[in-house]
Amino acid sequence: MSRRIIPLADISAIPDFSGVASAPSGTLTDTLARPLRDLRISVTDRCNFRCVYCMPREVFDKHYQFLPHAALLSFEEIERLARVFVEHGVEKIRLTGGEPLLRKNIEYLIERLALLRTPEGRPLDLTLTTNGSLLARKARSLKDAGLSRVTVSLDALDDALFRRMNDADFAVGDVLDGIEAAQAVGLAPLKVNMVVKRGTNDQEIVPMARHFKGSGATLRFIEYMDVGASNGWNMSEVLPSAQVVERIDVHFPLEPLEAHSAAETAQRWGYRDGSGEIGVISSVTRAFCGSCTRARLSTEGKLYLCLFAISGHDLRGLIRGGASDEDVATAISRIWEARGDRYSQLRGSASAQARDDAPRVEMSYIGG
Ligand code: SAM
Ligand code: SF4
Ligand code: SF4
């Protein structure tokens, strides 16, 4: 069945903040008792890659209408919203996109966000997900601006395959140089995320494990997901994480490790020889909705409560309409308190099927 790309002027409504104001207490929970702890902010919908599973060139071609600059949240608007989210309990902010390093002067935004403190006075865990293509050039300035660490996406070591997967002829060597530069300036612990697509790059699992074993970077394998509307997802292309672990274990014996926290999305496995660990993120075969504490702010300021959401809440409309910080805080608490999203748990069920027919937001817009 074909799915539609979500129109950019979608049906998101300006959130309601009328009535009694609710001051942030840092302990907001949704209908499934999940607290609000993480915020992903998409700072651009543009990208210099055309990864086949995310921004296929047939859709994101020269006719594709990216957002005009005025539609994007400004750095001041992002900072203002982020401050309210932090008052509500957010402890971790991840900048994403599109390719976040393409947003001009991103270091300035990082400087501002690095100054935010949790209600207990702690700095945030401030991180960024990047395709790594500009990282060698930018690692030092990102670190100096106050970024804590980075996650780099890398789907293959084989240069020809990597170029095919990014479909923009970027060489793998540039990304590896970026990873090295980030580690050298102390953007650590660095994570490397590999999306595994069966039949496309699963032969790279063991070489990737070999390459990053003992490097100080943690390699994480992500199951290919049915996000967005344009990647033509098919379950037969998902390689269950359990098989990823089996394949690596044959070459480099692994043992399970304890989770760092209940909200951790990756299951950790350690190399028995003590040379580090890997993670597997089983978004499809083992849903972790029960501990999903994430909100997502789109490039144009819409708040999404789930990666698979059909519509968002227009926070940009709210602040550009003159709402006070108190109004924004009230709106966010109402939205989060009404949240019941758990798409991955329901995937395949009748309600998820019904939702599958509705237009979904793209990963490059909502931020991965
Ligand atoms: N451009 C940056 C990058 O690639 O790291 C940040 C944005 S990208 C949308 C964030 C993450 O989403 C990347 O690690 C990417 O591999 C992942 N991703 C995109 N589409 C995906 C899909 N269909 N299934 C699983 N992960 C996906
Ligand atoms: Fe760009 Fe990241 Fe999507 Fe690849 S995964 S197209 S690098 S936004
Ligand atoms: Fe969270 Fe939605 Fe993913 Fe479940 S499907 S883990 S609720 S983003």
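What counts, and at which threshold
Residues numbered from 1 in each chain as written. Chains lettered and ligands numbered in written order. Predicted model: local features only at pLDDT ≥ 70, side-chain atom pairs only at ≥ 80, totals over all residues. Heavy atoms only, no water. UniProt positions renumbered as here; feature names shortened; annotations may be inferred. Pairing = 2+ DSSP bridges. Helix = DSSP H or I, 4+ residues; strand = E, 2+ residues; numbered from the N terminus. Contact = heavy atoms within 4.5 Å. Axes fitted to C-alpha atoms, helices over the stretch in contact; angles between N-to-C directions. Near = heavy atom within 4 Å. Nonpolar A, V, L, I, M, F, W, Y, C, P; charged D, E, K, R; others polar. Areas by Shrake-Rupley, 256 points an atom, 1.4 Å probe, with all protein chains shown as cover. Polar contact = N/O pair within 3.5 Å; in protein donor to acceptor, adjacent residues only side chain to side chain. Buried < 20%, exposed > 50% of the residue type's maximum accessible area, 1.4 Å probe, protein only. Right-handed = clockwise from strand over helix to strand, strands pointing away.

Going by the annotation in an unreviewed UniProt entry, the name recorded for the chain is GTP 3',8-cyclase, with Caballeronia ptereochthonis given as the source organism. Its UniProt record, at the heading Subunit (unreviewed entry), says of the chain: "Monomer and homodimer." Under the UniProt heading Sequence similarities (unreviewed entry), the entry covering the chain gives this text: "Belongs to the radical SAM superfamily. MoaA family."

Okay, the sheet that holds strand S3 (residues 125-130) next. The strands that make up a sheet are held in pairs by hydrogen bonds between backbone atoms, and each pair lies either parallel or antiparallel. Here twelve strands make up an open sheet; going across it, the order is S7-S8-S9-S6-S5-S4-S3-S2-S1-S10-S11-S12 and the pairing mixed. Each edge of the open sheet is held by one strand with a lone partner, namely strand S7 (254-256) and strand S12 (313-314). Where strand S10 (residues 294-297) and strand S11 (residues 302-304) come together, two bridges link them in antiparallel fashion. Within the sheet, the bridge partner assigned to Arg296 lies in S11 and is Tyr304. Seen against the sheet, helix H2 (residues 106-114) touches strand S2 (92-96) and S3 and runs at an angle of roughly 175° to S2.

Another point: the site of ligand 2. For ligand 2, the full set of nearby residues is Cys47, Phe49, Cys51, Cys54, Met55, Gly98 and Asn131. Of the residues belonging to the shell around ligand 2, the class tally is five nonpolar, two polar and no charged.

Before going further, it helps to spend a moment on the site of ligand 1. Surrounding ligand 1, one finds 18 residues, the nearest of these being Tyr53, Gly98, Thr129, Ser153 and Met225. Considered on its own, ligand 1 offers 550 Å² of accessible surface; in the complex 94% of this is hidden by protein. Within the shell around ligand 1, the residues separate by chemical class into seven nonpolar, nine polar and two charged.

Another point: the side chain of Thr151. Within the fold, Thr151 resides in strand S4 (residues 149-153). In terms of polar contacts, Thr151 uses its side chain to reach the side chain of Arg94, at 3.1 Å. Residues contacting Thr151, with those up to four places away along its chain left out, are Arg94, Thr127, Leu128, Thr129, Thr130, Lys191 and Asn193.

Burial analysis of S4 places four of its five residues in the buried class, which makes it a mostly covered element. Relative to S4, S3 runs parallel, the two being bridged by four bridges. The residue bridging Thr129 from the neighbouring strand is Thr151, located in S4. This β-α-β element, S3 to helix H3 (residues 135-145) to S4, shows right-handed connectivity. With three bridges joining them, S4 and strand S5 (residues 191-196) adopt parallel strand pairing. Bridge pairing in S5 links Thr151 to Lys191.

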